[in-house]
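# Residue-level structure breakdown
These are the residues of each chain, in order.
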Amino acid sequence: MSEATGGHAAAAELERRAGWMTRGGPRAAGRRWAILVVATATVLLVAAWLYDQMTWVTVDDARVATDMVAISSRVPGGVVSVRVISGDHAAKGQLLVELDGRDARLRIEELEARLAGMALRREELRARLRMIDMRTASKVRGQAAAVTQAQALLAGAQANEDLAQRDARRAEQLAPGGAIGRDQLDRARAALETARQQVRGSVANLETNRSSSAQAQAEREEVKVLARQLAQLDPEEAELRAQRERATLDLKERTVVMPFDGVVDRTFVHAGEYVVAGQRLLLAHDPRAVRVEANVKETDIRHFRPGKKVSVRVDALPGDRFEGTVQRVGQAATSEFALLPSPNPSGNFTKITQRLPVRISVARRDGALKPGMMVQVEANTRE
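Owing to the predicted nature of the structure, the values given are computational and were not obtained by experimental measurement.

Within the protein one finds four helices and 14 strands. Within the protein, the proportion of its 383 residues that are buried is 30%. Taking the intrachain contacts of the protein between residues at least 6 apart in sequence as the baseline, contacts between residues at least 24 apart amount to 79%. Accessible area of the protein: about 24,800 Å², with a carbon and sulfur share of 55%.

In structure tokens:
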């Protein structure tokens, strides 16, 4: 076909189309143009939707979540004041709830007084110990010297008794032959008796001194008794100190403070109420630790690998997008944790696509994400 022939054919085709568009007048031509534009737009929208469905996975079953911390009281008591209300921001260490601490303070004062008395008692025992130690030590030394002296006197008396016995025997031998007189014999006998009495007296004196020495040694044992009493004060004082620490901790626990920088979500008590140990007082969370938890179909879970970037759209913030990162993929479907399991004893089986929990971290924007908000998560299937 020549170029001239091709040009005539193209011109004829344009004239045919122009005739179709203008057939019936300008109004009909306008309708036809509108139909053409709508059809073209529909085709483009369908093509875009198909492209989106083929390249992106969208999860609607997702919401903003966080760890809600239940702040409780570790001790029972009456509520004196509640310093915050729901929605308040509280810094770490800020006072939230104050309980009545009068009993705890009185208990601390009582233990402080007992500890002070314990110190005075220790000083008293130490003074008595020093005094008795000095007194009994000198007494023991004196009695030991007296025993030694009594032993020496006894030895001398026994020597005198031996001499008197020998003199008396000689006198008894000599008196019958007239070698000595009767008076000398009587004196020898008297001297022997006197020596024997001296020995008995020395023995009695020695026993008395030995008894006194034993008594002094017994009094010396009082030093050990006082030393044991003094040693027993240490564990008693340690017990009192432990009780004081417990009372101090009890008093400290009566001021419930914020454990972290966060937001108070709800309060459950009011001033004047009585709470027990472990009772929940408030709910709070850390706005910096929010995350997205999504339940992803098992057929799409392959597109949510840990570390993958996803797009997050929040229903409450239309037009805003958050960048998220998949942190963890659950190892069991959500149906496994249902309170009422659904076994299939009848044999009629209907296959249902299961969902697995996925945790996604998101970049926070000044607390814009609040727990419980519904979100949509989109993951690119080509990545």
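Within strand 9 (residues 280–285), five of the six residues are buried, which leaves the element mostly enclosed by the surrounding structure. Bridge count for strand 2 (residues 69–72) against strand 9 is four bridges, and the pairing is antiparallel. In the strand pairing of strand 9, Ile71 is matched with Leu282. The pairing of strand 7 (residues 262–267) with strand 9 spans four bridges and is antiparallel.

Taken in spatial order, the four strands line up as 6-5-3-8 in an open sheet, and their pairing is antiparallel. For this open sheet the edge positions go to strand 6 (255–257) and strand 8 (274–275), each flanked by a neighbour on one side alone. Both strand 3 (residues 77–82) and strand 5 (residues 95–99) contribute to a ladder of three bridges, which runs antiparallel. Pairing of Ser81 across the sheet is with Glu98, part of strand 5.

Let us now look at the pattern of salt bridges. All told, the structure shown has 19 salt bridges when counted by the stated rule. In this structure, Asp61 engages Arg63 in a salt bridge whose closest nitrogen and oxygen atoms are separated by 3.8 Å. You can call Asp61 partly exposed: its relative accessible area is 26%. In this structure, a network of salt bridges that share partners links the residues Asp67, Arg291, Glu293 and Arg359.

Further remarks concern the layout of surface pockets. For the second largest pocket, the calculated volume is near 230 Å³. Around the second largest pocket sit 15 residues that line it, and Val57, Thr58, Val59, Lys297 and Asp300 are the ones nearest its centre. Per-element accounting of the lining of the second largest pocket gives the leading share, six residues, to strand 1 (residues 56–65). When grouped by side-chain class, the residues that make up the lining of the second largest pocket number four nonpolar, five polar and six charged.

For the structure shown, the criterion picks out zero aromatic pairs. Between Arg280 and the ring centre of Phe268, over which it is positioned, the NZ or CZ distance is 4.3 Å.

Within strand 10 (residues 291–297), five of the seven residues are buried, which leaves it mostly tucked inside the rest of the structure. Sheet topology places strand 1 next to strand 10; four bridges connect them, and they run antiparallel. Residue pairing in the sheet places Ala65 in a bridge with Arg291 of strand 10.

Below, the discussion takes up the environment of Ala70. Secondary-structure assignment places Ala70 in strand 2. Assessed through its relative accessible area of 43%, Ala70 is described here as partly exposed. Counting along the chain gives 208 residues from Ala70 to Gly278, while the straight-line C-alpha distance between them is 10.0 Å. Here Ala70 is in contact with Arg280, Leu282 and Leu283, once residues within four sequence places are set aside.

What follows deals with the nonpolar core. Counting residues in hydrophobic clusters, the biggest one holds 25 residues, and the most contacted among them are Val292, Phe304, Val310, Ile360, Val375 and Val377. Counting residues per element, the ones that place at least two in this core are strand 1, strand 10, strand 11 (309–314), strand 12 (321–329), strand 13 (355–362) and strand 14 (374–380). Beyond its immediate sequence surroundings of up to four residues, Val377 is in contact with Val57, Thr58, Val59, Ala62, Val292, Ala294, Phe304, Val310, Ser311 and Ile360. Residues Leu96, Val97, Val256 and Met258 belong to the second largest nonpolar core, which totals 17 residues.

With antiparallel pairing, the four strands of this open sheet are ordered in space as 2-9-7-4. Strands with a single pairing partner mark the edges of an open sheet, and in this sheet they are strand 2 and strand 4 (89–90). Note that strand 4 and strand 7 share two bridges and pair antiparallel. From the neighbouring strand, Ala90 faces strand 7, where its bridge partner is Gly262.

Note on placement: Thr325 falls in strand 12. At 3.0 Å, the side chain of Thr325 and the side chain of Lys309 are in polar contact. In this structure, Thr325 is in contact with Gly307, Lys308, Lys309, Val310, Arg359, Ile360 and Ser361, ignoring residues within four places of it in sequence.

Procedures and definitions
- Residues numbered from 1 in each chain as written.
- Predicted model: local features only at pLDDT ≥ 70, side-chain atom pairs only at ≥ 80, totals over all residues.
- Heavy atoms only, no water.
- Helix = DSSP H or I, 4+ residues; strand = E, 2+ residues; numbered from the N terminus.
- Buried < 20%, exposed > 50% of the residue type's maximum accessible area, 1.4 Å probe, protein only.
- Contact = heavy atoms within 4.5 Å.
- Areas by Shrake-Rupley, 256 points an atom, 1.4 Å probe, with all protein chains shown as cover.
- Pairing = 2+ DSSP bridges.
- Salt bridge = Lys/Arg side-chain N within 4 Å of Asp/Glu carboxyl O.
- 1 Å grid on protein atoms, 1.4 Å probe; cavity = no way out; pocket = protein on both sides within 12 Å on 5 of 7 lines; lining within 4 Å.
- Points joined across faces, edges and corners; volume = space filled by probe spheres on them.
- Nonpolar A, V, L, I, M, F, W, Y, C, P; charged D, E, K, R; others polar.
- Phe/Tyr/Trp six-rings, centres within 6.5 Å; stacked < 30°, edge-to-face > 60°.
- Lys NZ or Arg CZ within 6 Å of the ring centre and 35° of its normal.
- Core = buried A, V, L, I, M, F, W, Y, C linked by side-chain atoms within 4.5 Å.
- Polar contact = N/O pair within 3.5 Å; in protein donor to acceptor, adjacent residues only side chain to side chain.

Honestly, that's just the spatial picture; any functional story needs more than this.
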